[in-house]
Amino acid sequence: MIFDKENNTTLITQEKSTIIELVKKLQVTYPKFENDNVIINLSVLNKVSLQDIIEFLEISNRHRRAKHSFVIVTDQTNLDEMPDEIMVVPTLKEAYDVIEMEEMERDLGI
């Protein structure tokens, strides 16, 4: 797991561990990024299932309740199957765009 912080956004890139191991590590290291917007980059994985994405749901909900963005990046899943409660996009550029839009909405009180 690689952490790359830029301004108020932390990019977490998945290296070798499984999704379940990654989620456990995120829960343990949560204080490192709890005040940042978070992008989880899973683009190195060959296949990401709906169940894999659902593993992130608890930490995503916790983060979003704290008024921060939480976005997962993968192009190896069917985006139409993703639950509305979690943001999944196919590219890093789209992840940064989502964060920018969500920050504007928060600034406007939406």
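Not measured: the values here are computed from a predicted model.

Thresholds applied
Residues numbered from 1 in each chain as written. Predicted model: local features only at pLDDT ≥ 70, side-chain atom pairs only at ≥ 80, totals over all residues. Heavy atoms only, no water. Core = buried A, V, L, I, M, F, W, Y, C linked by side-chain atoms within 4.5 Å. Buried < 20%, exposed > 50% of the residue type's maximum accessible area, 1.4 Å probe, protein only. Helix = DSSP H or I, 4+ residues; strand = E, 2+ residues; numbered from the N terminus. Contact = heavy atoms within 4.5 Å. Axes fitted to C-alpha atoms, helices over the stretch in contact; angles between N-to-C directions. Parallel < 35°, antiparallel > 145°, perpendicular 65-115°, else oblique. Left-handed = near helix turned anticlockwise from the far one by under 90°. Pairing = 2+ DSSP bridges.

Undergrad: It is not clear to me how the nonpolar core should be interpreted in this structure. Could you clarify?
TA: Here is a general trend for soluble globular proteins: nonpolar side chains tend to be buried in one another's company. Counting 20 residues, the largest nonpolar core has L26, I40, L42, I53, F56 and I72 as its most contacted members. Only helix 1 (19-33), strand 3 (37-41) and strand 4 (70-73) provide two or more residues apiece to this core. It is helix 1 that contributes the most residues to this core, six residues altogether. Beyond its immediate stretch of four places on either side in the chain, I40 contacts I12, L22, L26, F56, F70, V71, I72 and V73. By size, the runner-up hydrophobic cluster in this structure holds eight residues, among which are I39, V73, V89 and I99.

Undergrad: How should the packing of helix 1 against helix 3 (residues 57-65) be read in this particular structure?
TA: In a pair of packed helices, the angle between the axes and the distance between the axes together describe the arrangement. Running from N to C, helix 1 and helix 3 cross one another at 20 degrees; their axes reach a closest spacing of 12 Å. In terms of their interaxial angle, helix 1 and helix 3 are classed as roughly parallel. The element helix 1 and its partner helix 3 pack so that their crossing is right-handed. Within the contact between the two elements, helix 1 uses L26, Q27, Y30 and F33 and helix 3 uses E58, I59, R62 and H63.

Undergrad: Can you help me understand the sheet that holds strand 5 (residues 87-89) in this one?
TA: What holds strands together in a sheet is hydrogen bonding between their backbones, with the strands either parallel or antiparallel. Strand order across the open sheet formed by five strands is 1-2-3-4-5, with mixed pairing between neighbours. For this open sheet the edge positions go to strand 1 (2-6) and strand 5, each flanked by a neighbour on one side alone. Across this sheet, the average inter-strand angle for adjacent strands is 20 degrees, counted without regard to direction. Taken together, the five bridges between strand 1 and strand 2 (residues 9-13) define a ladder with antiparallel strand orientation. Residue pairing in the sheet places D4 in a bridge with L11 of strand 2. Contacts from helix 3 reach strand 3, strand 4 and strand 5, with the element oriented near 140 degrees to strand 4.

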